[in-house]
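Architecture at a glance
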Amino acid sequence: MNPRLFLKITFPVILGISIITLLLPRTIAGIYTVDVMLAALFAAFLLSLKVASSYERELKKVFLNLAFFILFVFFANLDLFWSWVFSLFGNLQYISLLVAGIAYIFLIRACMNILKITDLTTMHKKEWMVIFLMFILGNFIVAYFLLNYRIVFDTDVLTKILFRIVDNAIVIMLLPILFLYRKQSNKEKRESITFTIVVIGIIISTIGDYIFEIISKISYQELTNDFHTGTLLDSIYIFSYLLIALGLFVHLQYYNWTIKKIDIDKLDLTF
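Residues numbered from 1 in each chain as written. Predicted model: local features only at pLDDT ≥ 70, side-chain atom pairs only at ≥ 80, totals over all residues. Heavy atoms only, no water.

Describing the environment of Phe6
Residue placement: Phe6 occurs in helix H1 (residues 3–23). Of the residues examined, Phe6 reaches a relative accessible area of 17% and is grouped as buried. Spatially, the C-alpha atom of Phe6 lies 9.9 Å from that of Leu246, the residues being 240 residues apart in sequence. (Helix = DSSP H or I, 4+ residues; strand = E, 2+ residues; numbered from the N terminus. Buried < 20%, exposed > 50% of the residue type's maximum accessible area, 1.4 Å probe, protein only.)

Section: empty space enclosed by the protein
A complete count under the given rule lists one cavity of 30 Å³ or more for this structure. Space inside the largest cavity adds up to approximately 90 Å³. Every residue lining the largest cavity is listed: Val62, Leu66, Leu107, Ala110, Cys111, Ile114, Leu174, Ile177, Phe195, Val198, Val199 and Ile202. Looking at the lining of the largest cavity, the elements that each hand over two or more residues are helix H3 (57–76), helix H5 (95–115), helix H7 (155–187) and helix H8 (193–216). Broken down by class, the residue content of the lining of the largest cavity amounts to 12 nonpolar, no polar and no charged. (1 Å grid on protein atoms, 1.4 Å probe; cavity = no way out; pocket = protein on both sides within 12 Å on 5 of 7 lines; lining within 4 Å. Points joined across faces, edges and corners; volume = space filled by probe spheres on them. Nonpolar A, V, L, I, M, F, W, Y, C, P; charged D, E, K, R; others polar.)

A look at the packing of aromatic side chains
Inspection of every chain in the model, using the stated rule, returns 19 aromatic pairs. A ring pair is formed by Phe72 and Phe75, whose centres lie 5.8 Å apart and whose planes are at 85°; its orientation type is edge-to-face. Note that Phe72 and Phe75 are positioned in helix H3 at a spacing of three residues, about one turn of the helix. Among the aromatic side chains, those forming a connected cluster through ring pairs are Phe42, Phe45, Phe68, Phe72, Phe74, Phe75, Phe81, Trp82, Trp84, Phe86 and Phe106. (Phe/Tyr/Trp six-rings, centres within 6.5 Å; stacked < 30°, edge-to-face > 60°.)

Some thoughts on the layout of surface pockets
There is about 1,400 Å³ of room inside the largest pocket. Together, 41 residues line the largest pocket, and Ser96, Leu97, Ala100, Tyr220 and Thr224 are the ones closest to its centre. For the lining of the largest pocket, the secondary-structure elements that each account for two or more residues are H3, helix H4 (79–89), H5, H7, H8, helix H9 (220–225) and helix H10 (232–266). Broken down by class, the residue content of the lining of the largest pocket amounts to 24 nonpolar, 11 polar and six charged.

Overview of the pattern of salt bridges
With the rule as written, the count across this model stands at one salt bridge. The salt bridge partner of Glu213 is Arg164, with a shortest N-O separation of 2.9 Å. Of this pair, Glu213 sits in helix H8 while Arg164 sits in helix H7, and the two are 49 residues apart along the sequence. For Glu213, a relative accessible area of 0% gives the class buried. The class for Arg164 is buried, based on a relative accessible area of 2%. (Salt bridge = Lys/Arg side-chain N within 4 Å of Asp/Glu carboxyl O.)

Focus on the environment of Arg4
Within the secondary structure, Arg4 is located in helix H1. For the pair formed by Arg4 and Thr194, sequence separation is 190 residues and the distance between their alpha carbons is 9.1 Å.

Printed below as a string of structure tokens:
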């Protein structure tokens, strides 16, 4: 199997799976949304663990941390998990933020492990420009929240602002990692497109809701209330989670597929 051909075939498939949630009746769209999200995240978690087992040292740590980041995102979408948490700790107001914080720690650690094995001196001006534009977008996302809502600076609002800042900081960190990993991989003749797909999926899942909020003019509170009901935002999340799982799957299979292709190419099929 040609990995790039496989990606070209499966990309429209995951896009279609994501769009289906918008076409379903409201009564079952929510169930479909949750089931597909959980399936994609659990598959991505297992795939990331499997990829980690095939590496050593820093790359092993990268995919282990990524796996546990995905696992906590899985928990965040699982009603049974929240029922267990609230039964154990009570209805604490900020328990969900603690879960999100743990997930972020794993993602940041994955980023730091990648930076240890990349050459930070090879960034080009165009790449720095992309990072700068992302920095501007990140500031706009925070400013949009401050300027478009009646803000009382209580703990809840300050926490939402903090998470917007952290989300944007993570994306700004992921962009140079994406550029540098691709260069390092090309230099070492190692595959990089699948890792790129994984990172793009993470970026979409991280700031997709903020961008959707700005474009749709729907308040973040309304978006939160409609989560898991089959909305366009749900469709975006499904797409991002499937993208992560797809990237990890092809990353895992890339070596085997490439070796088989080389073996077939070397066969003498003349008679």
